[in-house]
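Descriptive structure summary
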Amino acid sequence: MTDVMTPATTPALGERPAHRSAAARTARRRSALHWIAVHSLGIAAALFFVLPFVFVLLTALMSDQQALTRDLWPRTWEWSNFSTVWDTPGFLTWWRNTLLYAGAGTLLTVVSSIPVAYALAKFRFRGRNVALMLVISTMMLPPQVIIVPMYLFWAKQLHLSGTLWPLIIPMAFGDAFTIFLLRQFLLTIPKEYVDAAKVDGCGELRTLVHVILPMAKPAIAAVALFQFFYCWNDYFGPQIYASENPGAWTLSYGLESFKGAHHTNWNLTMAATVLVMAPVIVVFFFAQKAFIEGVTLTGVKG
Amino acid sequence: MASVLGTAQADATVPAAPSPQYTLRRKRRRERVRNLAFLSPWLIGFSVFFVYPLVSTVYFSFMKYDGFKPPVWNGVDNWKYVFSDYPFFWPALWNTLWLVVVMVTLRVAFGLGIGLLITKIKSGAGFFRTAFYLPYLAPPVAATMAFAFLLNPGTGPANNILHKIGLPQPGWFNDPAWSKPALTVLALWGIGDLMVIFMASLLDVPKEQYEAAELDGTGPWQRFRYVTLPNISPILMFAVVTGVIQTMQYYTQPLVAGKVASGVIGGSGQQFEPGYPDKSTLTLPQLVYNLGFQRFDTGSACVIALVLFALAMVFTALLMRRRSGFLSAED
């Protein structure tokens, strides 16, 4: 951070108040007012963020008839809406497909991206900066830019449309965002650790696996979470490759068709929405710290 | 490096004890093999899943191809069609501009506001942080579905509340004038990522600067203007540029919102009118899908893809120039 503001003048001392206790009282009152103002704003903002969840949940618990009204509060609590959604043909398949996509995708991405990130952070070679710039450029690229030839490749040459493989297989070849984030983190590990491992007779691979990876656990957890959420939330990929085969749909894609089949039943649609959101929120509560650290890594480093 | 290798080659013909140059050369070669081995996943991925399709996109943009009959050269016809006859192109570009100006600006301002607020909150900070952050994690399809319900003009709670407090009730996703503001509300709800980034950078501002400014007798606004802003300006810039790039990719939310609001969705058999209502939610990525996968006009879809590519590259270049820190190596 460069643009540091430096005070031009030496601080002028405020005049000492004659009645210290009175001044202290005003100061205390002012800080109490400040506390109230800040926390009222906080509550107002919290309402904006939380109320949508509340209304979705309340509607998910309404009866079919009541969901057609403007009521906000359920008259009867229809917990069975959730089991109705759960038992919808296909819902379990979508669930399984999403887990497979997100699980395999995350594992492959992390394993294939670690060595690349390590090389970009710790090795010195010609073209390293160019490689890094290319990584950043592909990271910023909308997936739609290359989708047409990619679809032709997977569908016409490899006959894999109607499956999720066209989404999973590329993840075995590194992901730009994951590589970039891991590299940012690996830069912060002092070179001395690598040198010490070499002195002890470790090869590059052993240094990476036994010395660097244990230190990089928080960053790896963060990128794994990001990738998991990316796959879980992905709509465009399944829409392109899986739409023709309902047996390969994911939750994000299936949710939309669920709405199509129950277009008058907001209660069931909202119950399905809750069931799609819930796993993400549960994962967040278990991995909150890794998550926040990861987001910070994207913006603050460098 | 070349000269070193040159002399080493001459020496290498001499057997006996390996000369220092010889070992150096072997070390260099080993290093190059090592570098390639570590980089290989990305080198393959980059060539197969980026360079090849990109070149192919350029090729198809000059071809007439429906995905079935062999492609036929048709010069710049696709380009002409997209820019002058395709009815969705200019509305989509206009929408993108609108979103860049209004949505990105509001998101950055709101994210900074929430970030500031969270640094000031003393009691229950954990609760507030979680509450502010959680919506960001909601899967886009689910979040859009939720807002399509919350904002639906018939039974939605939002208009219900607006009605009770006597405010006008817009048509949101069903009104061309309100669909983009509705998307903006949805985007502001998912502000969590920006909040965390701003929060971290605000906590990084040196405390002494605030103390010094306070002793100078400055008010809170002046402290914000002359201490906070200069300190966080790189992050502000980062947020704006990544916001613009994300807008280029804006796909799921406008598409799902349009589908749900129009009532045409899933397997109902009717054809969805892209950009409902009245093209107001069209974005460039949706055009790639519309042309390439609904109209089977591969060539024109590739033209849009290249426009998208050019726009994304311009802003990525801007990002890399402004944040040269991206490229700094530790060494």
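Predicted, not measured: the structure shown is a model, and the values here were computed from it.

Time to look at the overall build of chain A. The secondary structure content of chain A amounts to 14 helices and zero strands. In chain A, the succession of helices and strands from N to C terminus is α-α-α-α-α-α-α-α-α-α-α-α-α-α. Rg of the C-alpha trace for chain A: 27 Å, well past the compact-globule value of 19 Å for 302 residues, more than 25% over. Based on the C-alpha atoms only, the size of chain A along its principal axes is roughly 80 × 70 × 35 Å. Across the 302 residues of chain A, 40% fall into the buried class. Here the contacts in chain A between residues at least 6 apart in sequence split such that 74% fall between residues at least 24 apart.

Let us now look at the nonpolar core. Core analysis: the largest hydrophobic core is formed by 161 residues, its most contacted members being M195(B) and I304(B). Per-element tally for this core: the top contributor is helix 3 (residues 91-122) of chain A, with 13 residues. Residues contacting I304(B), with those up to four places away along its chain left out, are V82(B), L284(B), L287(B), V288(B) and L291(B).

The next thing to look at is the interface of chain B and chain A. Counting residues at the interface gives 93 residues for chain B, matched by 83 residues for chain A. Top element by residues in the side of chain B that touches chain A is helix 2 (residues 20-60) of chain B. It accounts for 16 residues. A per-class count over the side of chain B that touches chain A returns 62 nonpolar, 23 polar and eight charged.

Residue and element names in this part refer to chain B. Per the UniProt record, "transmembrane region" (unreviewed entry) is annotated on residues 36-62, 97-119, 131-151, 182-203, 224-245 and 298-320. Helix makes up 93% of residues 36-62 and strand 0%, and the two end C-alpha atoms of the span are 35 Å apart. Each end of residues 224-245 is marked by a C-alpha atom, and these two atoms are 28 Å apart; helix forms 100% of the span and strand 0%.

Residue and element names in this part refer to chain A. For chain A, the domain assignment lists domain 1 (24-81) and domain 2 (85-300). In this structure, domain 1 and domain 2 have C-alpha centres spaced 33 Å apart. Counting from both sides, the interface comprises eight residues of domain 1 and, opposite them, nine residues of domain 2. When residues of the side of domain 1 that touches domain 2 are assigned to their parent elements, the largest contribution, four residues, is made by helix 1 (residues 20-60). A per-class count over the side of domain 1 that touches domain 2 returns five nonpolar, two polar and one charged.

Residue and element names in this part refer to chain B. On average, residues of chain B score 87 in pLDDT, and 89% of them are at 70 or above. pLDDT under 50 marks residues 1-14. Its contacts with residues more than four places away, or in other chains, come to 12 contacts. Two numbers describe this predicted complex: its pTM, 0.87, and its ipTM, 0.86.

Next up on the list: the environment of L72(A). You can see L72(A) is positioned in the loop between helix 1 and helix 2 (80-86). Using a count of 14 C-beta atoms within 10 Å as the deciding quantity, one classes L72(A) as partly exposed. In contact with L72(A), other than residues within four places in its own chain, are F55(A), L58(A), P157(B) and N160(B).

Our next topic: the environment of T119(B). Residue and element names in this part refer to chain B. In this structure, T119 sits in helix 4 (residues 89-120). T119 sits 45 residues away from N74 along the chain, and the two C-alpha atoms are 59 Å apart. In this view, T119 contacts M199, L202 and L203; residues no more than four positions away in its chain are not counted.

All names here are of chain A. Feature annotation in UniProt assigns "transmembrane region" (unreviewed entry) to the following positions: residues 35-62, 99-120, 132-152, 164-186, 207-230 and 266-287. Taken end to end, residues 99-120 is 100% helix and 0% strand, and its first and last C-alpha atoms sit 31 Å apart. Counted over residues 132-152, helix gives 67% and strand 0%. Its end C-alpha atoms are 29 Å apart.

Time to look at the packing of helix 5 (residues 125-137) of chain B against helix 9 (residues 192-204) of chain B. Residues and elements named next belong to chain B. At a minimum axis separation of 7 Å, helix 5 and helix 9 run at an interaxial angle of 135 degrees. Looking at the two axes, helix 5 sits oblique to helix 9. Across the interface between the two elements, F132, Y133, L134, P135 and Y136 from helix 5 touch G192, D193, M195 and V196 from helix 9. Looking at the contact of helix 5 with helix 9 residue by residue, the classes come out as seven nonpolar, one polar and one charged.

Calculation rules
- Residues numbered from 1 in each chain as written.
- Chains lettered and ligands numbered in written order.
- Predicted model: local features only at pLDDT ≥ 70, side-chain atom pairs only at ≥ 80, totals over all residues.
- Helix = DSSP H or I, 4+ residues; strand = E, 2+ residues; numbered from the N terminus.
- Rg over C-alpha atoms; globule rule 2.2 N^0.38 Å.
- Buried ≥ 20, exposed ≤ 12 C-beta atoms within 10 Å, placed from the backbone.
- Contact = placed C-beta atoms within 7 Å.
- Core = buried A, V, L, I, M, F, W, Y, C linked by C-beta atoms within 7 Å.
- Nonpolar A, V, L, I, M, F, W, Y, C, P; charged D, E, K, R; others polar.
- UniProt positions renumbered as here; feature names shortened; annotations may be inferred.
- Domains from an automatic or database assignment.
- pLDDT = per-residue confidence, 0-100.
- Axes fitted to C-alpha atoms, helices over the stretch in contact; angles between N-to-C directions.
- Parallel < 35°, antiparallel > 145°, perpendicular 65-115°, else oblique.

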